[in-house]
Amino acid sequence: MQLNENQKMIRQMARDFANAKLAPIAAKIDETAEFPEATVKEMGGLGFLGLAVPEEFGGVGSDITSYALVIEEVSRVCGSHGLTLAAHNSLGCWPIAELGTQEQKQKFLPPAASGESLLSFGLTESEAGSDAGGTRTTAVRDGDHWILNGSKMWITNSHYAGALIITAKTDPEAKGSHGISAFIVPTDTPGFTVEKKEDKLGMRASDTAPLTLEDVRIPSDYLLGKEGEGFKYFMMTLDGGRISIAAVALGLAVGAYGVARDYSKEREQFGRPISKFQAIEFMLADMATQIEASRLLTYEACRLKDAGEDFGQMAAMAKLHASETAMFVTDKAIQILGGYGFTREYPVERMYRDAKLCTIGEGTSEIQRMVIGRTELKD
Ligand code: COS
């Protein structure tokens, strides 16, 4: 993959930061499930929270390739930090930067880029998971305000977000995915409650919680984009989000592969390093090959998006391949480490648990196959 000087520089910066600041805490915050506020703020100082924010609003305004490189490097060491960064940039900042009015951008983007507060996205509900059009949360116009009622679940960054993009049905008569709109909802609005953080299998330090909205009254100019176009907006948002999750998964796979390869060269059994046994060598070969394929798909999706071309299909392929690869590679890494891999002494069991999220969040592997299949079969 051909990177320009800026991309190489930002990748090195993310790598150095991850090695110096995240490696020492990744196991601990996984165990305690504590949100790493201090290091997330530091990522703000480095510009990582403003990657999707244009420079005029305090961000870096980077290309998608640079953005994915940062996500990959951070996730290589700590999946929870990678996911926090990904949700903030691609689900929170991107829709406002892309679809927001000048006023909305001025109000919400600078604090997000600096790390003063995070942004995120509230789409999923108990009846609207894979069927994203099943949104039951409502928004009713009241003079120059909207009043929102409903609930959301699995919402990333919600306890630390200054505002969330919330989807709600604005036309109760409209069927399916129609009649849904998107709103920017400041989290300090009365009636807006972030419930208890979920206790998860993996990505344990990232913040995931349900939300309740009870007569949440927001000014009409917090409508994002056009009324009734919400479904398309969040499909577009998720197209980009899938690149982010592909990069998270790629990072986890690279991280676990590195640990397994190094271990295999040091660990001796039957009088020689286990890497000298073909059983291990072939496992490493398969892991490296799958990682390379995921990398090519992920950065090709980035290239298409950067070039302003259609990238949704490639993003779904990248997300599918990289997530499944992360599961394959982390599983094999545990196998190579044997008993040690099964303990918390090594990071591969954490990476295995973190990787599982990638096959579920922002569209399951099955949804990616649906998206890919539909496009392939289109006339
Ligand atoms: N970009 C822009 N518009 C899109 C789009 C995209 N990627 N995908 C679909 N649309 C548009 C369609 O063109 C269609 O527009 P019209 O009504 O004007 O024709 C509309 O959106 C509805 O599309 P479709 O009929 O394909 O919607 P479905 O209800 O069949 O749902 C899937 C499609 C399953 C692909 C969608 O619901 C999905 O991605 N679900 C997974 C959601 C998800 O990832 N949830 C996890 C969130 S974690 S943050």
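None of these values were measured; they are calculated from a predicted model.

Procedures and definitions
- Residues numbered from 1 in each chain as written.
- Predicted model: local features only at pLDDT ≥ 70, side-chain atom pairs only at ≥ 80, totals over all residues.
- Heavy atoms only, no water.
- Helix = DSSP H or I, 4+ residues; strand = E, 2+ residues; numbered from the N terminus.
- Rg over C-alpha atoms; globule rule 2.2 N^0.38 Å.
- Areas by Shrake-Rupley, 256 points an atom, 1.4 Å probe, with all protein chains shown as cover.
- Lys, Arg positive; Asp, Glu negative; His and termini not counted.
- Charge placed at Lys NZ, Arg CZ, Asp CG, Glu CD.
- Domains from an automatic or database assignment.
- Contact = heavy atoms within 4.5 Å.
- Buried area = accessible area lost by both parts, 1.4 Å probe.
- Salt bridge = Lys/Arg side-chain N within 4 Å of Asp/Glu carboxyl O.
- Nonpolar A, V, L, I, M, F, W, Y, C, P; charged D, E, K, R; others polar.
- Buried < 20%, exposed > 50% of the residue type's maximum accessible area, 1.4 Å probe, protein only.
- Pairing = 2+ DSSP bridges.
- Near = heavy atom within 4 Å.
- Polar contact = N/O pair within 3.5 Å; in protein donor to acceptor, adjacent residues only side chain to side chain.
- Axes fitted to C-alpha atoms, helices over the stretch in contact; angles between N-to-C directions.
- Parallel < 35°, antiparallel > 145°, perpendicular 65-115°, else oblique.
- Left-handed = near helix turned anticlockwise from the far one by under 90°.

**Concerning the overall build of the protein chain**
Here's step 1: Within the protein chain, the regular secondary structure consists of 11 helices and 10 strands.
Here's step 2: Computed over its C-alpha atoms, the radius of gyration of the protein chain comes to 21 Å, within 12% of the 21 Å expected for a compact globule of 379 residues.
Here's step 3: Expressed along its principal axes, the backbone C-alpha trace of the protein chain runs to roughly 80 × 50 × 40 Å.
Here's step 4: Approximately 16700 Å² of the protein chain is accessible, and the part contributed by carbon and sulfur atoms is 52%.
Here's step 5: Taking the 39 positively charged and 52 negatively charged side chains of the protein chain as two groups, their mean positions are separated by 4 Å.

**A word on unusual backbone geometry**
Trans is the common state for peptide bonds, and a negative phi is the common state for residues other than glycine.
Here's step 1: The backbone of Asn157 sits at a positive phi, close to 70 degrees, despite the residue not being glycine.
Here's step 2: Counting through the fold element by element, Asn157 comes out in the loop between strand 3 (145–156) and strand 4 (161–169).

**Brief notes about the domain arrangement of the protein chain**
Here's step 1: Along its sequence, the protein chain is organised into domain 1 (5–118), domain 2 (120–228) and domain 3 (232–378).
Here's step 2: Of note, the centres of domain 1 and domain 3, computed from C-alpha atoms alone, are 21 Å apart.
Here's step 3: Of the residues lining the interface, 26 residues belong to domain 1; the matching set on domain 3 comes to 28 residues.
Here's step 4: Summing both sides of the interface, domain 1 and domain 3 together bury roughly 2100 Å²; the carbon and sulfur share of this comes to 63%.
Here's step 5: In this assembly, domain 1 and domain 3 are joined by 2 salt bridges.
Here's step 6: A salt bridge links Asp30 to Arg353; the shortest N-O distance between them is 2.8 Å.
Here's step 7: Of all the secondary structure elements, the ones that give two or more residues to the side of domain 1 that touches domain 3 are helix 2 (26–32), helix 4 (64–77) and helix 5 (79–99).
Here's step 8: Classifying every residue of the side of domain 1 that touches domain 3 gives 15 nonpolar, 6 polar and 5 charged.

**With respect to the pairing of strand 5 (residues 180–186)**
Here's step 1: Among the 7 residues of strand 5, 7 are classified as buried, and the element is accordingly described as predominantly covered.
Here's step 2: Burial along strand 5 is two-sided: the residues Ile180, Ala182, Ile184 and Pro186 and Ser181, Phe183 and Val185 are all buried.
Here's step 3: Note: strand 5 against strand 8 (residues 223–224), 2 bridges, orientation antiparallel. Across the sheet, residue Phe183 finds its bridge partner in strand 8, namely Leu223.

**Observations regarding the site of the ligand**
Here's step 1: Near the ligand lie 22 residues; those nearest to it are Ser130, His178, Asp239, Gly363 and Arg374.
Here's step 2: Between the ligand and the protein, one listed contact pairs a nitrogen atom with a side-chain N or O atom of Asp239 at 2.8 Å.
Here's step 3: Between the ligand and Gly363, the relevant distance is 3.0 Å, taken from an oxygen atom to a main-chain nitrogen or oxygen of the residue.
Here's step 4: When isolated, the ligand has an accessible area of 1000 Å², and the protein chains bury 67% of it.
Here's step 5: Among the secondary structure elements, those contributing two or more residues to the shell around the ligand are helix 7 (230–266) and helix 11 (365–377).
Here's step 6: Among the elements that take part in the shell around the ligand, helix 7 stands out by supplying 7 residues, more than any other.
Here's step 7: A class-by-class count of the residues in the shell around the ligand yields 11 nonpolar, 6 polar and 5 charged.
Here's step 8: Split by domain, the shell around the ligand shows at least three residues from each of two domains, domain 2 (120–228) and domain 3 (232–378).

**Focus: the pairing of strand 3**
Here's step 1: Inspection of the sheet shows strand 2 (residues 138–142) paired to strand 3 by 5 bridges, in the antiparallel sense. Bridging from a neighbouring strand, Arg141 pairs with Trp146 of strand 3.
Here's step 2: Between strand 2 and strand 3, which pair antiparallel one after the other, the connecting turn spans 2 residues, and Gly143 there sits at a positive phi close to 60 degrees.
Here's step 3: Judged from the 9 bridges that link them, strand 3 and strand 7 (residues 208–219) form a sheet pairing that is antiparallel. Looking across to strand 7, one finds that Lys152 is bridged to Leu211.

**Remarks on the packing of helix 1 (residues 5–22) against helix 4**
Here's step 1: Look at helix 1 against helix 4: their axes get within 9 Å of each other, and the N-to-C directions meet at 20 degrees. When the axes of helix 1 and helix 4 are compared, the pair comes out roughly parallel. The hand of the helix 1/helix 4 crossing is right-handed. Facing Gln7, Ile10, Arg11, Ala14, Arg15, Ala18, Asn19 and Leu22 of helix 1, the residues of helix 4 in contact are Thr65, Ser66, Leu69, Val70, Glu73, Val74, Arg76 and Val77.
Here's step 2: Here the contact of helix 1 with helix 4 is built from residues that sort into 8 nonpolar, 4 polar and 4 charged.

**Digging into the side chain of Thr84**
Here's step 1: You can see Thr84 is positioned in helix 5.
Here's step 2: Residue Thr84 is classed as buried on the basis of its relative accessible area, which comes to 0%.
Here's step 3: Dropping the residues within four chain positions of it, Thr84 is found in contact with Phe35, Val40, Leu118, Asn157 and Ser206.

**A short note on the packing of helix 3 (residues 37–45) against helix 5**
Here's step 1: As a packed pair, helix 3 and helix 5 sit with axes 11 Å apart at the nearest point and diverge in direction by 50 degrees. Overall, the two elements helix 3 and helix 5 adopt an arrangement that is oblique. Two packed elements cross with a definite hand, and for helix 3 against helix 5 that hand is right-handed. Taking contact as the criterion, the partners of Thr39, Val40 and Met43 in helix 3 are, on helix 5, His81, Thr84 and Leu85.
Here's step 2: Looking at the contact of helix 3 with helix 5 residue by residue, the classes come out as 3 nonpolar, 3 polar and no charged.

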